[in-house]
Amino acid sequence: MDRIGLGLIGCGGIARSAHLPAMGQLVDRVVLRATADIDAAAAAAAAAPWGADHATDYRAMLERPDIQAVVIATPEYLHADQVEAAAAAGKHVLCEKPMARTLAEADRMIAACAAAGVQLLVGHSRRFTRRYMEIRAAIDRGDIGDIRLMRENERRMRAVPQVWWTPKHWTGNPQVSGGAPMMNAIHEADLLRWFTGAQARTVQAEINVTIEGNVGVTDFISFTVGFDNGAIGSAEVLNCAPPGYPAFHMMELYGTAGAIRARDHELVGLTRYGNVGADYPGTFDMLLHNLPAYARELAELVGAIREGRPVVMPPSEARAALELTLAAVRSAQTGEVVRLGAGA
Amino acid sequence: MSGVIRLGVIGAGAHATELVAHGAPLGRIALAAVAGQGTEALAGRAGVPVVDVDTLVGDPGLRAVLVDAPVAERAALVAGALRAGKIVVCPPPVALDAAALDAIAAAAQAGGGRLLCGGEIAHGEPGRRGLAAMTAPEFGPLRSLYLAIRQPRCGEGDVLDAIGWEALDFVLAAVPGKIEKVRVNAGAQFGAARDTAVILLRSADDVVVTIELSRCLPASLPATGLGEVEIDVMGALQALRITPQSTAVRVHRDGGTDLAPWLDAPVLAMLRAVVAACDGQATDGIGRTRAVFDLMERIRKEAVLF
């Protein structure tokens, strides 16, 4: 079977660390034909191993008939225009999360892809991560009954020297960055929704700026959600933990018939502590920073294209995660309980 | 000041039992007598007499009193001991209403007694070391504090009554700034009573505190005593992960992790605080107890929304 021709729009950190290696893992199913980045060197470096074309403007690749799908790995403030352009050119889309900055942008993206008859898969990679896939399977089997309480804490480590969340990086630019809510906590918003299978009805949150050198972008959020089935969810998401902090991802679910826990410090069978932090080679695949998740994600898009079926995570789900995240930010800003859906 | 400090115990709660089980020596503390219902066995093990409460607090040679009686009885017992001029240590909650708290403050003022907060988490070695570490200059300014207490589902009553006091006692020991915002998401998730509460607090100096209290543990996750306690504290320079039910407090620095094994029961730390108070160290048990009470009132008010 012919391989799916890919274009890569945005060749920064997430492209280098996740999407390009994922393409490499699926070399039997995909071929990277073109890259684009405003940083010409980044575009060239991403293209080189594949012998792909590279450019500083993504529009040219959309004209190519040998490219069937694009992977959009740019900051969220660029997503809506790029997805609309790709859809108009008839390209299927894998778009990094967060889907967009606003619900209006998300709606534009969904409408454009629907009108063009192309796939839109938003890269909520946790849904393709073994840890969470196994949790979802256990919930579906009824292993712990009805979910009543969930928490997923994500305590990301600060960098030394710190670049992210400072003016040295777009994540630290208050004009364009959605901060930790959009960068990180949208994962938690999605997971809480996915696991409980219910609609968020209330959200309360507090946000903060905690990192030295941060000029005002939210890098911390703690929020709690009430769902329409009565379940409660919560998450504390931060980016200031020292290297090697053992409680990076801490998932707990309590149901009417049991509990599920996936907590980093309990999952690691082998931990190495060095002068610059810790790494966990013993159970790598159960932690989040692993390639299979992104390869599964890309494989899902390829499978949906080939089989002519919808992707397993419809874009409406990504929109709902965005809605919950934006509501959490609004709650933090106003000090109010924000109500969603029928309770709004 | 040196010399033996004679201590009386009122009640037969977990801390009183732990104290007696520890046996002698207790440093400069000498257990002199016990009082209260159901304390005969305790007195027998300790080899001290059982006396009535009035006799115990009226003993002029008694310097300090541990009140570990049922919650509903504590306020009156604490007030009596303070009125008699004793140094009193009592686990939270000391008082369940504002009038009782006012009576305790008045008794302390009238009799010259002093109150020490007897929070188990704050006095236990992991919590105590954690509090010391997070106030050290190398920790940097406090950024956030997460505290979860999870108990088995078999417990009864409102979770705020059951474990909320302990949580707030530790939080207010750790967070220096005034709590300005209180948000609560609570419900009866596993039974008929309110058994779960997620509480978000924000202090005047922008520390965000997340408290999760729940009686959510299934039988396959057994927990005794206070339950599973998990505390994660972020400072500008360091972080702390404190798990009092395990055996250590870990300090995570940029260059690695320090692990300090814990050694003693919370009640022994309470007794050291008693000794320090007898030696003249200032105490603010009344102030902190009032702060904990006031914060609990605000949390209850917010929780009514749900």
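Cut-offs and rules
Note on numbering: residues in each chain are counted from 1, in written sequence order. Following the order in which they are written, the chains are lettered starting with A and the ligands numbered starting with 1. Predicted model: local features are reported for residues with pLDDT of at least 70 only, side-chain atom pairs are reported and counted for 80 or more only, and whole-chain, interface and lining totals are derived from all residues. Put simply, DSSP marks the helices as runs of H or I at least four residues long and the strands as runs of E at least two long, and each gets a number from the N terminus on. Backbone-placed C-beta atoms define the burial measure: a residue is buried with 20 or more other C-beta atoms within 10 Å of its own, exposed with 12 or fewer, and partly exposed in between. What counts as a contact is two residues whose backbone-derived C-beta atoms lie within 7 Å of each other. These domain limits were set by an automatic method or by a database of domain assignments. For this classification, Asp, Glu, Lys and Arg are treated as charged, while Ala, Val, Leu, Ile, Met, Phe, Trp, Tyr, Cys and Pro are nonpolar and the rest, including Gly, are polar. Strand pairing requires that DSSP identify at least two bridges connecting the strands. Here an axis means a line fitted to C-alpha atoms, over the contact stretch when the element is a helix, while the angle between two N-to-C directions is reported on a 0 to 180 degree scale. A helix is expected to reach a length of 1.5 Å times the quantity of its residues less one. For this quantity, the arc is that covered by the directions from the helix axis to the C-beta atoms. Reported orientations rely on four angle classes, namely roughly parallel under 35 degrees, roughly antiparallel over 145, roughly perpendicular from 65 to 115, and oblique for the rest.

**Q** Quick question: what am I supposed to make of the overall build of chain B here?
**A** A count of helical and extended segments in chain B gives 10 helices and 14 strands. Taking the principal axes of the C-alpha coordinates as reference, chain B spans close to 50 × 45 × 40 Å. Counting over 306 residues, chain B shows a buried share of 56%. Considering only contacts in chain B between residues 6 or more positions apart, those separated by 24 or more positions represent 71%.

**Q** Honestly, the domain arrangement of chain B in this entry has me stumped. Any pointers?
**A** It is common to report an interface's size as the accessible area lost on association of the parts. All names here are of chain B. Domain boundaries assigned for chain B yield domain 1 (5–119 + 267–283) and domain 2 (125–263). Using C-alpha coordinates to define each centre, domain 1 is positioned 26 Å away from domain 2. Taken together, the contact between domain 1 and domain 2 spans five residues of the former and seven residues of the latter. Considering only residue class, the side of domain 1 that touches domain 2 consists of four nonpolar, one polar and no charged.

**Q** Which parts of the structure should I look at to understand the sheet that holds strand β12 (residues 258–263) of chain A?
**A** Think of a sheet as strands paired side by side through backbone hydrogen bonds, with each pair either parallel or antiparallel. All names here are of chain A. One open sheet holds the seven strands; their spatial order is β12-β11-β7-β10-β9-β8-β15, and the pairing between them is mixed. Here the strands that pair on one side only, and so sit at the sheet edges, are β12 and β15 (338–339). Examined bridge by bridge, strand β8 (residues 200–208) and strand β9 (residues 220–227) share eight bridges and lie antiparallel to one another. The partner of Ala200 across the bridge, within β9, is Phe227. Along the sheet, helix α6 (residues 130–141) makes contact with β7 (147–157), β11 (249–255) and β12, crossing β12 at roughly 175 degrees. Here helix α10 (residues 315–334) sits on the sheet in contact with β8, β9 and β15, set at roughly 55 degrees to β8.

**Q** Explain helix α5 (residues 98–111) of chain B here, please?
**A** Quick reminder: α-helices carry 3.6 residues per turn. Residues three or four places apart thus point the same way. Residue and element names in this part refer to chain B. Here α5 contains 14 residues, and its C-alpha end-to-end distance of 20 Å stays within 8% of the 20 Å for a straight helix at 1.5 Å per residue. Residues of α5 that are buried: Leu101, Ile104, Ala107 and Ala108. Down the axis of α5, the buried set is contained in an arc of 120 degrees. They therefore lie on one face. Opposite the packed face of α5, turned more than 90 degrees from it, sit the exposed residues Ala98, Ala99, Gln109 and Ala110. Looking at the packing, one finds that the buried side of α5 touches α4 (71–83), β6 (114–117) and α10 (285–303). With its phi angle positive at about 85 degrees, Gly112 sits one or two positions after the end of α5.

**Q** I would appreciate a short explanation of the sheet that holds strand β5 (residues 92–96) of chain A in the present structure.
**A** All names here are of chain A. Ordered by their spatial adjacency, six strands build an open sheet running β3-β2-β1-β4-β5-β6, and the pairing between neighbours is parallel. In this open sheet, the two strands that pair with only one neighbour each are β3 (53–55) and β6 (120–123). On average, adjacent strands in this sheet sit at an angle of 20 degrees to one another, irrespective of strand direction. Judged from the four bridges that link them, β5 and β6 form a sheet pairing that is parallel. Pairing of Glu96 across the sheet is with Gly123, part of β6.

**Q** Can you walk me through the domain arrangement of chain A in this structure?
**A** Residues and elements named next belong to chain A. The domains assigned to chain A are domain 1 (4–123) and domain 2 (127–288 + 322–343). Using C-alpha coordinates to define each centre, domain 1 is positioned 26 Å away from domain 2. Facing the 10 residues of domain 1 at the interface are seven residues of domain 2. By residue class, the composition of the side of domain 1 that touches domain 2 is seven nonpolar, no polar and three charged.

**Q** Would you take a moment to explain the packing of helix α1 (residues 14–22) of chain B against helix α9 (residues 266–278) of chain B for this structure?
**A** Two quantities define a packed helix pair, namely the angle between the axes and the distance from one axis to the other. All names here are of chain B. The N-to-C vectors of α1 and α9 enclose an angle of 85 degrees; their axes lie 8 Å apart at closest approach. When the interaxial angle is binned, α1 and α9 end up roughly perpendicular. Touching His15, Glu18, Leu19 and His22 of α1 are Pro266, Val267 and Leu268, all from α9. Across the contact of α1 with α9, the residue classes break down as four nonpolar, two polar and one charged.

**Q** For this particular structure, what's the right way to read α10 of chain A?
**A** Residues and elements named next belong to chain A. Counted at 1.5 Å a residue, the expected span for α10 with its 20 residues is 28 Å, and the 28 Å between its end C-alpha atoms agrees. In terms of residue burial, α10 counts as a mostly covered element, since 14 of its 20 residues are buried. Of the residues one or two after α10, Gly335 is the one with positive phi, at around 75 degrees.

**Q** When you look at the interface of chain B and chain A in this model, what are you seeing that I'm missing?
**A** The interface is formed by 37 residues belonging to chain B together with 35 residues belonging to chain A. Secondary structure elements with two or more residues in the side of chain B that touches chain A: β7 (142–152), β8 (179–187), β9 (196–203), β10 (208–217), β11 (228–235), β12 (239–242), β13 (248–253) and β14 (256–261) of chain B.

**Q** Can you help me understand unusual backbone geometry in this one?
**A** The general pattern is negative phi for most residues beyond glycine and trans for most peptide bonds. Omega for the peptide link from Lys97 of chain A to Pro98 of chain A comes to -5 degrees, which places this bond in the cis form. For Pro98 of chain A, the position within the fold is in the loop between β5 and α5 (103–116). With an omega dihedral of 0 degrees, the bond running from Pro92 of chain B to Pro93 of chain B counts as a cis peptide bond. By the secondary structure assignment, Pro93 of chain B is in the loop between β5 (87–90) and α5. Although it is not a glycine, Trp165 of chain A sits at a positive phi angle of roughly 70 degrees. For Asp206 of chain B, which is not glycine, the phi torsion reads 65 degrees and is therefore positive. With respect to the helices, strands and loops of the structure, Asp206 of chain B is situated in the loop between β9 and β10. A tally of 17 C-beta atoms within 10 Å means that Asp206 of chain B is categorised as partly exposed.

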